[in-house]
Amino acid sequence: MRIVFMGTPDFAVPSLDALVAAGYAVIAAYTQPPRRAGRGKALSRSPVQRRAETLGIAVRHPASLRNAEAQADFAALDADIAVVAAYGLILPQAILDAPRHGCINVHASLLPRWRGAAPIQRAILAGDAVTGVTIMAMEAGLDTGPMLAKAETAVGAKTAGSLTAELAAMGAALLVRVLEDLSSWLPSPQPEHGVTYAHKIEKAETRLDFSREADELVRKVRAFAPAPGAWFEANGERIRILEAGSIHCLRAPPKPGIGRVVSDSLLISCGRDWLDPLLVQRAGREPMRPADFLRGFPIPKDTILT
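The shown structure was predicted, so the numbers you read here are calculated from the model rather than taken from an experiment. (Residues numbered from 1 in each chain as written. Predicted model: local features only at pLDDT ≥ 70, side-chain atom pairs only at ≥ 80, totals over all residues. Heavy atoms only, no water.)

A. Summary view of the environment of Asp-264. Among the secondary structure elements, Asp-264 is positioned in the loop between strand 13 (237-247) and strand 14 (268-269). Since its relative accessible area comes to 67%, Asp-264 is described here as exposed. Along the chain, Asp-264 and Ile-95 lie 169 residues apart, while their C-alpha atoms are 58 Å from each other. Residues within four places of Asp-264 in sequence aside, it is in contact with Leu-294 and Lys-301. (Helix = DSSP H or I, 4+ residues; strand = E, 2+ residues; numbered from the N terminus. Buried < 20%, exposed > 50% of the residue type's maximum accessible area, 1.4 Å probe, protein only. Contact = heavy atoms within 4.5 Å.)

Dropping the structure here:
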């Protein structure tokens, strides 16, 4: 089977590796173009591009697939199927129709819940107990295609980083199972009820609002760890919280106490209960436990954080 692989972030790499390990002919890897990143703004290749080059797979990174030239180049590959995993570009109908068996997608949610760009983060933010991966046949709509297979896992106290790694491995294994006997997996239309959209994470969402309940802020910390990180401001600097818990009190603190540091260990009063930071980080520094952090960056008790 001749396969075109289409993916960009770390989440997609296990699926690419699984295809190669299973002996499939991956004839090309499509990925997002290199982006400028880091302090030096040097061009950075995507995780999929780096892995594909290591595996000796030809890499293509068109900025768009909507023009006739890009579509002709794709069709000329004469693929049996395209496998998509967090590629980041919408596939026009000409691309969807080019492979003999169409395009299938490894999506990090239990569709139809959390269609869209950030399903893992949105599942954590919403407090979902369970999430998973869905292998679906692609169509023109945003993650609306019929489902071929699903696998689920408990969300628990996992961060976006740990949950992404788990779902990436689950998706890769399920992908190979589907491809082993593609004709035996009957497409099932997505139900019309239960549809939710995982909108892209905006920068403003990563700031901690201490007027919210502590449990909600803990979910935000987990959803944005390890990157971009949930943060607050102190002494003119942004401080990221990478791990946190909540401590429950019998009644909500008075409004003037919201955002107040109530202990020498950086316990923070919220709209309800207290946020207990367990791992914090200044820009350009290593993550630290609060006791170590506060020795070099004092935040006295009764400080009001924003």
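There is more to say after this.
B. Examining a nonpolar patch on the surface more closely. A cluster of nonpolar side chains, contributed by Ile-90, Leu-142 and Tyr-197, occupies part of the molecular surface with about 290 Å² of accessible area. As for its placement among the helices and strands, Tyr-197 is situated in strand 11 (residues 197-198). (Patch = residues over 30% accessible without salt bridge, like charges linked within 9 Å, V, L, I, M, F, W, Y side chains within 5 Å. Areas by Shrake-Rupley, 256 points an atom, 1.4 Å probe, with all protein chains shown as cover. Salt bridge = Lys/Arg side-chain N within 4 Å of Asp/Glu carboxyl O.)

C. Structural detail: the nonpolar core. Counting residues in each nonpolar core, the largest one holds 63 residues, and the members touching the most others are Phe-5, Leu-19, Val-83, Leu-179, Phe-210, Leu-275 and Ile-299. Here this core takes nine residues from helix 6 (residues 160-180), the largest share from any one element. With sequence-adjacent residues up to four places away left out, Phe-5 is seen in contact with Ala-12, Ser-15, Leu-16, Leu-19, Val-26, Ala-28, Ala-29, Tyr-30, Val-48, Val-83 and Ala-85. By size, the runner-up hydrophobic cluster in this structure holds 16 residues, among which are Val-4, Phe-74, Ala-82 and Cys-103. (Core = buried A, V, L, I, M, F, W, Y, C linked by side-chain atoms within 4.5 Å.)

D. Seen up close, the sheet that holds strand 6 (residues 81-85). The seven strands lie next to each other as 5-2-1-6-7-9-10, forming an open sheet whose pairing is mixed. Two strands in the sheet have a free side with no partner beyond their single neighbour: strand 5 (59-60) and strand 10 (147-154). Where strand 9 (residues 130-137) lies against strand 10, seven bridges are found, and the strand directions are antiparallel. Bridge pairing in strand 10 links Val-133 to Ala-151. Of the strands in this sheet, strand 1 (2-7), strand 2 (25-30), strand 6 and strand 7 (103-107) touch helix 1 (residues 13-21), which is tilted by about 165 degrees from strand 1. (Pairing = 2+ DSSP bridges. Axes fitted to C-alpha atoms, helices over the stretch in contact; angles between N-to-C directions.)

E. Just the packing of helix 1 against helix 2 (residues 47-54), in detail. Between helix 1 and helix 2, the least distance of the axes is 9 Å, while the angle of their chain directions is 20 degrees. In terms of their interaxial angle, helix 1 and helix 2 are classed as roughly parallel. Considering only the axes of helix 1 and helix 2, their crossing is right-handed. Every residue of helix 2 that contacts helix 1 at Val-13, Leu-16 and Asp-17 is listed here: Pro-47, Val-48, Arg-51 and Ala-52. Across the contact of helix 1 with helix 2, the residue classes tally to five nonpolar, no polar and two charged. (Parallel < 35°, antiparallel > 145°, perpendicular 65-115°, else oblique. Left-handed = near helix turned anticlockwise from the far one by under 90°. Nonpolar A, V, L, I, M, F, W, Y, C, P; charged D, E, K, R; others polar.)

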